[in-house]
Amino acid sequence: RSGELLIDVTSSLDLYGGGLSAAGANIRNCGDCLAQAGASCRMKTATELVIDELREGADCLREGYGKLNRAVEECQVDEDYVLMEKITNMINPMKASSIFLEDAGAAILTKESVDVIGQHLISCGEALLSLSATIGVLDETNKDCTTSAQRMVYASEQMILAGNELIGGEKKEKPKGKSWIKG
């Protein structure tokens, strides 16, 4: 949802169809890949699908930071140096999240420990959190911009939660007896 909202933000910035909206589309596509990977995790025989979706999501983010570089060039042409700096600040977190997501898929492929996979997911979530901060300042007067950043924070929290569950951190206490029925 964050990517979809970022595309909407580009309309108010009069940048629709440029590099920033393309990066938003890449973020949206990555989210779709991650949703599919999560759904595939429920099937014990879907390891290859999960690996493929994680790596495809990483490719979407990799393409997205390439589009951000294009958006920076567009800002230079328009001589909008304030926006150019804001977009430039988005590049490294998006690149880092791409790398960590790719590493998570590669770690599953090479049958590394769940601790290693979990740490890659946590690192990806932390990079997404940094990305959310850069999205939030693109246009502080735009509600869609704020909501896009909030949705990215949620995505980062879920990524970190998934990583923590893999490495065994922050376990919830299981209900005893039949109390699970009430909850």
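Just so we're clear, the structure is a prediction, and the values are computed from it rather than from any experiment. (Residues numbered from 1 in each chain as written. Predicted model: local features only at pLDDT ≥ 70, side-chain atom pairs only at ≥ 80, totals over all residues. Heavy atoms only, no water.)

Participant: Before we move on, can you summarise the nonpolar core with the specific residues and values?
Facilitator: The biggest cluster of nonpolar side chains holds 37 residues, and the ones touching the most others in it are Leu20 and Ile87. Where this core is concerned, the elements lending two or more residues are α1 (2–12), α2 (19–40), α3 (47–78), α4 (81–109), α5 (114–136) and α6 (143–167). With 10 residues, α3 is the largest single contributor of residues to this core. Beyond its immediate chain neighbours, meaning those up to four positions away, Ile87 contacts Leu20, Leu68, Ala71, Val72, Cys75 and Leu138. (Core = buried A, V, L, I, M, F, W, Y, C linked by side-chain atoms within 4.5 Å. Buried < 20%, exposed > 50% of the residue type's maximum accessible area, 1.4 Å probe, protein only. Helix = DSSP H or I, 4+ residues; strand = E, 2+ residues; numbered from the N terminus. Contact = heavy atoms within 4.5 Å.)

Participant: With reference to specific residues and values, describe α3.
Facilitator: In this model α3 runs 46 Å from its N-terminal to its C-terminal C-alpha over 32 residues, within 8% of the 46 Å that 1.5 Å per residue would give. Among the residues trailing α3, Glu79 stands out with phi positive, at a value near 55°. (Expected span 1.5 Å × (residues − 1).)

Participant: Report on the environment of Gly31, specifying residues and quantitative values.
Facilitator: On the secondary structure map, Gly31 appears in helix α2. Assessed through its relative accessible area of 33%, Gly31 is described here as partly exposed.

Participant: Give a description of the environment of Arg42 that names residues and reports values.
Facilitator: Relative to the helices and strands, Arg42 resides in the loop between α2 and α3. Spatially, the C-alpha atom of Arg42 lies 31 Å from that of Ile7, the residues being 35 residues apart in sequence.

Participant: Explain the pattern of salt bridges to me, using residue names and the numbers behind them.
Facilitator: Oppositely charged side chains can form a pair if their charged atoms are brought close together. Per the counting criterion, the structure on display carries five salt bridges. We note a salt bridge from Asp59 to Arg62, for which the minimum N-O separation is 2.4 Å. Within this pair, Asp59 and its partner Arg62 are both found in helix α3, separated by three residues, close to a single helical turn. Assessed through its relative accessible area of 34%, Asp59 is described here as partly exposed. Residue Arg62 is joined to Glu102 by a salt bridge in which the shortest nitrogen-to-oxygen separation is 3.9 Å. (Salt bridge = Lys/Arg side-chain N within 4 Å of Asp/Glu carboxyl O.)

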